[in-house]
Amino acid sequence: MREYLERVRETSPLIHNITNYVTVNDCANILLACGGSPIMADDPEEAEEITSICGGLNINIGTLNQHTISAMVLAGRKANLCGHPVLLDPVGAGASSLRTETARKLLEEVDFAVIRGNISEIKALAGEGSAARGVDADAVDAVTEENLEQAAELVRAFAADIHTVTAVSGAIDLVSDGEKTYIIRNGCPIMSRITGSGCMLSAMTAAYITANPNHVLEAAAAAFCAMGLAGEIAEKRMKPEDGNSSFRNYLIDAVYHLQGETLEKGARYEVR
Amino acid sequence: MREYLERVRETSPLIHNITNYVTVNDCANILLACGGSPIMADDPEEAEEITSICGGLNINIGTLNQHTISAMVLAGRKANLCGHPVLLDPVGAGASSLRTETARKLLEEVDFAVIRGNISEIKALAGEGSAARGVDADAVDAVTEENLEQAAELVRAFAADIHTVTAVSGAIDLVSDGEKTYIIRNGCPIMSRITGSGCMLSAMTAAYITANPNHVLEAAAAAFCAMGLAGEIAEKRMKPEDGNSSFRNYLIDAVYHLQGETLEKGARYEVR
Amino acid sequence: MREYLERVRETSPLIHNITNYVTVNDCANILLACGGSPIMADDPEEAEEITSICGGLNINIGTLNQHTISAMVLAGRKANLCGHPVLLDPVGAGASSLRTETARKLLEEVDFAVIRGNISEIKALAGEGSAARGVDADAVDAVTEENLEQAAELVRAFAADIHTVTAVSGAIDLVSDGEKTYIIRNGCPIMSRITGSGCMLSAMTAAYITANPNHVLEAAAAAFCAMGLAGEIAEKRMKPEDGNSSFRNYLIDAVYHLQGETLEKGARYEVR
């Protein structure tokens, strides 16, 4: 895993983000923390030009509107032409028709390297009954040791079907290219008590795959391990009076300091 | 007071926020801290659908535009049809005609459970001479022990007139349903030295009234006490080198840890 | 330098910000930290009215779109009519035609008191070959002790040409009115590892020049020294596990506590 992290720090990939205004500051700071560099630009008039000077593209539909949807399509196609990896975070797919349809439209019009969401979002896109609860995965959908086999197969089949690495975060993470599936057990529960842990993971995954374009599956899995491990490190720093706001700071701090060797030792995953 | 806080943690209300892009991240994190769950969506095309899957709606006009104003009206009416409590934060009413008129239009077209603002904003909406200074209450308007009677009567009369619980934050808070008025003395001055303390209070109040729909007045008063008390706890944590940025983190942390018993003991209010 | 800082705290200037949604929260908090007061409003319908109740205007094109560009022009002209100082932060000029052209258009239509950018942005506007890397200055462009003479002359000449104080931040800062040039050596490298250090500096500079309208050059230089010095103070607070997220908090905290006397002693600059 360490080589994927180190390659981010060596190459400092510049990532174009078309993302929501809720967690955008955290996304920029996590990109800087992991060794990448962020640029945010969502006007259709400049979307293609900005993408062309970057190395990768992160599309997040968290607070989409007609204006930014156009920019997503334009930037996505341009990134494809440039050969840049593109990541989709289908925030809230299943929670509204606009979100589900926009995610589907993007999957049709843009060739994504990775789609990263929670299990409810992926179920919604897979056409399965999803129990999305707003922008969070529903407890009913949660991946547990009990339903792991079934969930892993769903993610693998979806990845195979859309020919795109599918990366699902939750208590147990699943990252699959349709053949191999990483099952990752890093992380801690308080990560779901801050806003933006998913969005930050998407931004960071975009940096990892941009720095490692020939190892998309492995780089995505490394980003997931790195974020989960950073969560564990952050949790250990917490004093009794610290809550979710301090945790957010510690999480970004932990990504900032995370070294390849620590990742290598701390990553907890199996490959099936 | 404790039962209103505890009911938020028990029911974890999902709150739809149409809010400004300045403090939106803090609003999301305070909702998670208090036990609720946030979703932000401001496109008119999905506003109604998103509201319908939530439990309550928080409308904040802090960086309004024509696009989001449409979404506010659509979501507000839909929430009314669904029987969800709706809160209005008329940020900057009195500072521009667009804000004052939008707040008035919303009050006409949507049935609000609570309106939460500073005293200058409420005066502007009440048609009284307001000395709004941008988005902050003006010193001239500030509620003090000296003008408390008069201010409490203004808030009570406004609440009675618009048949809506009116909740005014400041050094002394006033929360009235037109009959009973809570006078609350929690909080500390540094709360006005961070951006978003008012917006966060609105988001949290939306969660409290959504979790306690049959006790809107009491739940709003409890949210005000909880936020003020969290401010006091946060202030006690401050080290000499800590400033407003650390205070913001401590404030959200304190909400995260606040228990019903602490609120019960620490709430300082009288009812008139 | 101390008098410029103290004048901000004495007058608490209200600054209208039309800025990007990435770092807007940090801009609001740094304005509060330094003693100013922020208001954000970017709808063309209210831009002029909001500006007229403020003391100064900060225009930042970080996530510009057609809608906000109109608001920038309207607010800028109105601020000129009101005699309020206006600052331009041409974020990403050189990175896209839209940004470069918008910055040029604004320079034509609005009379700016200060333009604050990184060296790549200023080179792009000066029509020199710029090596902008997204929204960050490129290493090739960086001002160093070796190329200082040349860079200082470029900034001075640009300031003289556009009759506007030009303030360039980097490892070494340059602030010139076309005659005198401040060369400032405060700051620390980690300031470039958080998002928004440039945007925050622009917002704070707007507050300083608004509080000191008859000393625009000196006030801008003081804001630069203050921000750099706050960075140094923040860096000293860092514990081994602290990263860029904690640094951001410490930076704002340091601005919050910065006193005139500390600035006077810690400011490291020469005037040529």
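Report follows, based on the coordinates. (Residues numbered from 1 in each chain as written. Chains lettered and ligands numbered in written order. Predicted model: local features only at pLDDT ≥ 70, side-chain atom pairs only at ≥ 80, totals over all residues. Heavy atoms only, no water.)

### Describing the overall build of chain A
Logical step 1: Across its full length, chain A carries 11 helices and 9 strands.
Logical step 2: The C-alpha atoms of chain A give a radius of gyration of 17 Å, which matches the 19 Å a tight globule of 272 residues would have.
Logical step 3: By its C-alpha atoms, chain A is 45 × 40 × 35 Å across when sized along the principal axes.
Logical step 4: Contacts in chain A between residues far apart in sequence, at least 24 positions, make up 72% of those at least 6 positions apart.
Logical step 5: For chain A, the exposed surface amounts to about 8,900 Å²; the carbon and sulfur share of it is 48%.
Logical step 6: Averaging the positions of the 22 positive and the 37 negative side-chain charges in chain A gives two centres separated by 4 Å. (Helix = DSSP H or I, 4+ residues; strand = E, 2+ residues; numbered from the N terminus. Rg over C-alpha atoms; globule rule 2.2 N^0.38 Å. Contact = heavy atoms within 4.5 Å. Areas by Shrake-Rupley, 256 points an atom, 1.4 Å probe, with all protein chains shown as cover. Lys, Arg positive; Asp, Glu negative; His and termini not counted. Charge placed at Lys NZ, Arg CZ, Asp CG, Glu CD.)

### So, the interface of chain B and chain A
Logical step 1: The interface of chain B with chain A comprises 32 residues on the first partner and 32 residues on the second.
Logical step 2: A buried area of about 2,700 Å², summed over both sides, lies between chain B and chain A, and 45% of it is on carbon and sulfur atoms.
Logical step 3: A per-residue breakdown of the area chain B buries against chain A is headed by B:Asn25, B:Leu32 and B:Tyr256, which together make up 19% of the total.
Logical step 4: The tally of links from chain B across to chain A stands at 2 salt bridges.
Logical step 5: Residue A:Asp242 pairs with B:Arg237 through a salt bridge whose shortest N-O separation is 2.6 Å.
Logical step 6: Seen at the junction of chain B and chain A, the total is 21 residue pairs in polar contact (both at pLDDT 80 or more).
Logical step 7: If you list the elements that add at least two residues to the side of chain B that touches chain A, you get α1 (2–11), α2 (24–34), β2 (37–40), α3 (44–53) and α10 (244–257) of chain B.
Logical step 8: Per-element accounting of the side of chain B that touches chain A gives the leading share, 6 residues, to α2(B).
Logical step 9: In terms of residue class, the side of chain B that touches chain A is built from 15 nonpolar, 9 polar and 8 charged. (Buried area = accessible area lost by both parts, 1.4 Å probe. Salt bridge = Lys/Arg side-chain N within 4 Å of Asp/Glu carboxyl O. Polar contact = N/O pair within 3.5 Å; in protein donor to acceptor, adjacent residues only side chain to side chain. Nonpolar A, V, L, I, M, F, W, Y, C, P; charged D, E, K, R; others polar.)

### Comments concerning the relation of the copies chain C and chain A
Note on the chain copies: they are related by a rotation about an axis and a translation along it.
Logical step 1: The two copies are related by a screw motion: chain C maps onto chain A through a turn of 120 degrees and a shift of 0.0 Å along the axis, at an RMSD of 0.0 Å. Both chain copies can therefore be described as sitting about a three-fold axis. No C-alpha of chain C approaches the rotation axis more nearly than that of C:Tyr21, which lies at 3.5 Å.
Logical step 2: When you check the interface residues of chain C against chain A, a mere 9% turn up at the interface there too, and the two sides of the contact use different surfaces. (Least-squares fit on C-alpha atoms with pLDDT ≥ 70 in both.)

### Describing unusual backbone geometry
Logical step 1: With a phi angle near 40 degrees, A:Ser12 is a residue other than glycine that sits in the positive phi range.
Logical step 2: Of note, A:Ser12 is situated in the loop between α1 (2–11) and β1 (14–18).
Logical step 3: With a phi angle near 55 degrees, B:His163 is a residue other than glycine that sits in the positive phi range.
Logical step 4: Here B:His163 shows up in the loop between α7 (148–162) and β6 (165–169).

### Focus on the sheet that holds strand β5 (residues 114–118) of chain C
Residue and element names in this part refer to chain C.
Logical step 1: Taken in spatial order, the 9 strands line up as β2-β1-β3-β4-β5-β6-β7-β8-β9 in an open sheet, and their pairing is mixed. This sheet does not close on itself; its edge strands, each paired only once, are β2 (37–40) and β9 (269–271). Direction aside, the axes of adjacent strands within the sheet are offset by 20 degrees on average.
Logical step 2: For β5 and strand β6 (residues 165–169), the ladder comprises 5 bridges, and the chain directions are parallel. In the strand pairing of β6, Ile115 is matched with Thr166.
Logical step 3: This element, helix α3 (residues 44–53), spans β1 (14–18), β2 and β3 (56–60) of the sheet and lies at about 155 degrees to β1. (Pairing = 2+ DSSP bridges. Axes fitted to C-alpha atoms, helices over the stretch in contact; angles between N-to-C directions.)

### Observations regarding the packing of aromatic side chains
Residue and element names in this part refer to chain A.
Logical step 1: Counting across every chain of the model gives 3 aromatic pairs over all chains.
Logical step 2: Aromatic side chains Tyr182 and Tyr269 sit 5.6 Å apart centroid to centroid with 40 degrees between the ring planes, which places their arrangement in the tilted category. With Tyr182 in strand β8 (residues 181–184) and Tyr269 in strand β9 (residues 269–271), the pair connects residues that are 87 residues apart, well separated along the chain.
Logical step 3: According to the relative accessible area criterion, Tyr182 is buried, its value standing at 6%. (Phe/Tyr/Trp six-rings, centres within 6.5 Å; stacked < 30°, edge-to-face > 60°. Buried < 20%, exposed > 50% of the residue type's maximum accessible area, 1.4 Å probe, protein only.)

### Quick notes on the pattern of salt bridges
Logical step 1: The full count for this structure, using the stated rule, is 54 salt bridges over all chains.
Logical step 2: One salt bridge connects A:Arg237 with A:Asp253, and the closest N-O pair in it is separated by 3.2 Å. With A:Arg237 in helix α9 (residues 216–237) and A:Asp253 in helix α10 (residues 244–257), the pair connects residues that are 16 residues apart, well separated along the chain. For the pair A:Arg237 and A:Asp253, a shared accessibility class is recorded, and that class is buried.
Logical step 3: The shortest N-O distance in the salt bridge between C:Glu46 and B:Arg99 comes to 2.8 Å. A residue pair is termed interchain when its members come from two chains, as with C:Glu46 in helix α3 and B:Arg99 in helix α5 (residues 97–109).
Logical step 4: Under the relative-accessibility criterion, C:Glu46 is labelled buried at 0%.
Logical step 5: Among the charged side chains, a salt-bridge network with shared partners connects A:Glu145, A:Glu149, A:Arg185, A:Glu270 and A:Arg272.

### Section: the relation of the copies chain B and chain A
Logical step 1: Expressed as a screw operation, the relation of chain B to chain A combines 0.0 Å of axial shift with a rotation of 120 degrees, fitting to an RMSD of 0.0 Å.
Logical step 2: In this assembly, only 6% of the residues forming the interface of chain B have copies in chain A that are likewise at the interface, indicating a heterologous arrangement.

### What about the sheet that holds strand β9 (residues 269–271) of chain B?
All names here are of chain B.
Logical step 1: Across the sheet, 9 strands lie side by side as β2-β1-β3-β4-β5-β6-β7-β8-β9; this open sheet has mixed pairing. One side of each edge strand has no neighbouring strand; the edge strands of this open sheet are β2 and β9. Between one strand axis and the next, the sheet turns by 20 degrees as a mean value, whatever way the strands run.
Logical step 2: As defined by bridge partners, strand β8 (residues 181–184) adjoins β9 across 3 bridges and the pair is classed as antiparallel. Note that in β9 the partner of Tyr182 across the bridge is Val271.
Logical step 3: Packing against the sheet, α2 makes contact with β1 (14–18) and β2, and its axis sits at approximately 150 degrees to β2.

### With respect to the pairing of β6(B)
All names here are of chain B.
Logical step 1: The buried fraction of β6 is high, at 5 of 5 residues.
Logical step 2: Neither face of β6 is open: one carries Val165, Ala167 and Ser169, the other Thr166 and Val168, and all of them are buried.
Logical step 3: Bridging between β6 and strand β7 (residues 173–176) involves 3 bridges; their strand directions are antiparallel. For Val168, the partnering residue across the bridge sits in β7 and is Leu174.
Logical step 4: Between β6 and β7, which pair antiparallel one after the other, the connecting turn spans 3 residues.

Limitation: the analysis is restricted to geometry and does not speak to function.
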